[in-house]
Amino acid sequence: MAPATVDAFMAPATPLSADNSDVNATPHASRSSSVSSPPYQAVDYSQKIDVNPRKGTRDFPPEDMRLRNWLFQNFREVSQLFGFEEVDYPILESEALYIRKGGEEIRDQIYCFEDRGNRRVALRPELTPSLARLVMQKGQSLSYPIKWYAIGQCWRYENMTRGRRREHYQWNMDIIGVPDVTGEAELISSIVTFFKRIGITAKDVGIKISSRKVLQEVMSLYSVPETSFTKACIIIDKMGKITIEELKKELKSIELSNDAIENLLQVLSIKSFTELEEKLGGTGEAINELKQLFSLAEKFGYSEWIQFDASVVRGLAYYTGIVFEGFDREGKLRAVCGGGRYDRLFSTFGGDDLPACGFGFGDAVIIELLKERRLLPEVPLEIENIVCSLDPDLKGAAARVASVLRGKGRCVDLVLENKPLKWVFKRAARINARRLILVGSAEWEKGMVVVKILSSGEQYQVNVDELE
Ligand code: HAM
C-alpha cells in the first residue's frame, strides 16, 4: 500500500529545470515592478515542454490529492461542527481589492496583470477581501451574524521557505456581525478542535494572542496618528525577521519619536497578562477584551493552548482588535494559522462598517508539522470492488455487473482490457479492493458471478441481481 508521498506539499524550493527557474527571483519590490513582465519570448514548439510545475506551485498526483482531500475534509467537518456555511469566490479578482495603505508585504507579492479588456486584475493572495466584497454585494439580504468558511487557493509571490509557497490553499472561518470577543473565542475553539482531530496536541502548537488595541493605547500616549498606527503594526510584524536596529529605523521613518519607540518595544516584549495589566492599568478596552477572551477560553476548555504575547500584531493592515497566531512550539516552522478582528475593513471598500473576525489556516505548514511529528496519515486508495470478465466475449456482462453494483452505491474498478488473472490480483491489491468479482461463462449462463473475498480467500457464487 503506497503511503501518500506528500510531494505536493513538500516540493523542493529549487527550480527543477532551467526553464522553470525564476527569472524574477526577488519578490516584487514595488507595485509597478510586481506587474512588469519580461519581454514576450516566442515559444519553440519543436522543443519538448518543461513538465515541471512553475516554481512554488504544485501538482497533486493521486496520492497527494488523497492527502489534500483528507486535510480539507477535516477543515470542512470542523467548520460544520461549528455551524458555518461554505462559500467560495473567484481566484481572479480586481486588483483594487488588495490596494491598502500601510506598506503590507502582501501588497508587493500580488500576482497581478492587465486582462485583455485592459482591466487590472489579480490572483487573490488571500480570501478576506473577497468575503468583504460578497458581503457588501449581498447587503441586507444576509441574515446576521454570518458564519462562513471557505477553502481556496491563494497566490503570493513569496520568498520560499519551509511551508511557504507561491500558491497555497487556505481554510478561512469568519464571523461577521458579532462585535464582542465571543466571536474570536469561538474561532480559536474551532482551530483547537481541528488540531485535536488530526492528532496535534497543546505540546506541539500554541496560539499566541494579543490585541492591536494594546499598541493603540501605547501610541495614543504619544499622539501617534491613526495612519501611522497601521504602518507601525506592519513594521512591528517584521520583528524577529529584521534586526532591532532596522525595526527602529523603520519606525522612525513613520515619525515615531524615540520615546514612543522605546516604550513600544518594551510593551511588545511583555509575555504575561499580569505584566501587561501593570503596564496599561486594569481598565482599558484592550485589557478588558483580552481578559474576557482568556476567561472564555477556560469555559471552552482550551486554556492550555493559548498564551498572551504582546509581540503578535500580524502583518495585514485591516486588523483592529484581537489578533492571534498558531505557532509550532519547537519554533522550526512559520505561523501555522493567523487571524483577528477587522471591524473597519468594510468602510475601506466604501461600505458601512460591520464587526468582523476570522482566521486563515494554510495547507502547507500544517503538513510540514504533521510530518515532523510523524502524524501524517496514510490515505490509501480504496476501491471496494474489482470486476473482471474471464472471457473477452463477456466484457458486456462484466459491464452489467459493474452497473448493478454502482447502482447500489458500490465503488467498482472495471477491468476494461483482456488481462491475465495474475494482473487482476495485482491490481486488486494496489487498489485495496475488498472483493474480486469474476464473470465466467459457465456461471454467467445461469445469471451468476463468482465473488472472492480477498482478505480471506472465501469464494461463492451469487446471482448478479442479488449482488450487494
Ligand atoms: P495570513 O496570515 O496572511 O492571513 O495567512 C493565513 C495563513 O495562510 C498563514 O498563517 C499560513 O498558514 C498560510 N499562508 C499564508 N501565506 C502562505 C504561503 N505563501 N505559503 C503557504 N501558506 C501560506 C490572511 O491571509 C488573512 N486573510 C486571514 C484572515 C481571515 N483574517 C481574517 N479572516
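Residues numbered from 1 in each chain as written. Predicted model: local features only at pLDDT ≥ 70, side-chain atom pairs only at ≥ 80, totals over all residues. Heavy atoms only, no water.

*Asks:* Give a description of the overall build of the protein chain that names residues and reports values.
*Replies:* Helices and strands together make up the secondary structure of the protein chain, namely 16 helices and 16 strands. Counting only C-alpha atoms and orienting by the principal axes, one finds that the protein chain spans roughly 95 × 60 × 45 Å. Intrachain contacts of the protein chain at a sequence separation of at least 6 include 69% that bridge at least 24 residues. Split by element, the accessible area of the protein chain, about 22700 Å² in all, is 51% carbon and sulfur. Charge-centre separation for the protein chain: the mean point of 62 positive side chains lies 3 Å from the mean point of 66 negative side chains. (Helix = DSSP H or I, 4+ residues; strand = E, 2+ residues; numbered from the N terminus. Contact = heavy atoms within 4.5 Å. Areas by Shrake-Rupley, 256 points an atom, 1.4 Å probe, with all protein chains shown as cover. Lys, Arg positive; Asp, Glu negative; His and termini not counted. Charge placed at Lys NZ, Arg CZ, Asp CG, Glu CD.)

*Asks:* I'd like a rundown of the nonpolar core, residues and numbers included.
*Replies:* Of all hydrophobic cores here, the largest spans 77 residues; its most connected members are Trp171, Phe194, Phe195, Phe361 and Ile366. With near-sequence residues (within four places) excluded, Phe195 lies in contact with Ile200, Val205, Trp305, Val336, Phe361 and Ile366. In this structure, Tyr89, Ala132, Leu142 and Ala150 belong to the second largest nonpolar core, which totals 23 residues. (Core = buried A, V, L, I, M, F, W, Y, C linked by side-chain atoms within 4.5 Å. Buried < 20%, exposed > 50% of the residue type's maximum accessible area, 1.4 Å probe, protein only.)

*Asks:* Please give an account of the packing of helix α5 (residues 182-197) against helix α11 (residues 285-300) that cites residues and values.
*Replies:* Their axes nearest at 9 Å, the elements α5 and α11 cross at an angle of 45 degrees. Between α5 and α11, the angle is such that the two are oblique. As α5 packs across α11, the resulting crossing turns out to be right-handed. Contact with α5, carried on its side by Thr182, Glu184, Ala185, Glu186, Ile188 and Ser189, involves Leu293, Leu296 and Phe300 of α11 and no other residues of that element. Split into classes, the residues belonging to the contact of α5 with α11 amount to five nonpolar, two polar and two charged. (Axes fitted to C-alpha atoms, helices over the stretch in contact; angles between N-to-C directions. Parallel < 35°, antiparallel > 145°, perpendicular 65-115°, else oblique. Left-handed = near helix turned anticlockwise from the far one by under 90°. Nonpolar A, V, L, I, M, F, W, Y, C, P; charged D, E, K, R; others polar.)

*Asks:* An account of the site of the ligand is requested, with residue identities and associated values reported.
*Replies:* The local shell around the ligand holds 24 residues, among which Glu126, Thr128, Arg165, Asp174 and Tyr319 are the closest. One of the side-chain N or O atoms of Asp174 is found 2.8 Å from a nitrogen atom in the ligand. Taking Tyr318, its side chain carries an N or O atom lying 2.9 Å from a nitrogen atom of the ligand. For the ligand, whose free accessible area comes to 650 Å², the fraction covered by protein is 97%. Listed by contribution, the elements that provide at least two residues to the shell around the ligand are β6 (167-176), β10 (337-341) and β11 (356-362). Here the shell around the ligand is composed, by residue class, of eight nonpolar, nine polar and seven charged. (Near = heavy atom within 4 Å. Polar contact = N/O pair within 3.5 Å; in protein donor to acceptor, adjacent residues only side chain to side chain.)

*Asks:* Describe the domain arrangement of the protein chain, listing the residues and the values that go with them.
*Replies:* When the domains of the protein chain are assigned, the result is domain 1 (62-372) and domain 2 (381-466). Of note, the centres of domain 1 and domain 2, computed from C-alpha atoms alone, are 52 Å apart. (Domains from an automatic or database assignment.)

*Asks:* Before we move on, could you go through α5 and cite the residues and values that matter?
*Replies:* Taking 1.5 Å of rise per residue, 16 residues should cover 22 Å, and α5 covers 22 Å from first to last C-alpha, within 8% of that figure. Among the 16 residues that make up α5, 12 are buried, leaving the element largely enclosed by the rest of the structure. Taken residue by residue, α5 has Gly183, Glu184, Ala185, Glu186, Leu187, Ile188, Ser189, Ser190, Ile191, Val192, Phe194 and Phe195 as its buried positions. Phi turns positive one or two residues past the end of α5, at Gly199, with a value near 95 degrees. (Expected span 1.5 Å × (residues − 1).)

*Asks:* Tell me what's going on with the packing of helix α6 (residues 212-221) against α11, and back it up with residues and numbers.
*Replies:* Relative to each other, α6 and α11 sit at 160 degrees, their axes nearing to 8 Å. Here α11 runs roughly antiparallel to α6, going by the angle between their axes. Relative to α11, the crossing made by α6 is left-handed. Across the interface between the two elements, Lys213, Val214 and Glu217 of α6 pack against Glu285, Ala286, Glu289 and Leu290 of α11.

*Asks:* How would you explain the sheet that holds strand β4 (residues 120-123) if you had to name every residue and give the values?
*Replies:* If you walk across this open sheet you meet the three strands as β2-β4-β3, and the pairing is antiparallel. If you trace the sheet from one side to the other, it starts and ends with β2 (92-94) and β3 (111-114), each paired once. Looking at each pair of strands side by side, their axes are set apart by 35 degrees on average, direction ignored. In this sheet, β4 lies alongside β3 in antiparallel orientation, the contact comprising four bridges. Within β4, the position partnered with Glu114 by the bridge is Arg120. (Pairing = 2+ DSSP bridges.)

*Asks:* Go over the sheet that holds strand β14 (residues 435-439) with me, naming the residues and quoting the values.
*Replies:* The mixed open sheet is built from five strands, whose spatial order is β13-β12-β14-β15-β16. Here the strands that pair on one side only, and so sit at the sheet edges, are β13 (412-414) and β16 (459-463). Going across the sheet, the axis of each strand differs from the next one's by a mean of 25 degrees, ignoring polarity. Examined bridge by bridge, strand β12 (residues 385-389) and β13 share three bridges and lie parallel to one another. By the bridge assignment for β13, Val387 is matched with Leu414. Strand contacts of helix α15 (residues 421-430): β12, β13, β14 and β15 (448-453), with the helix running at about 170 degrees to β12, the strand carrying the most contacts.

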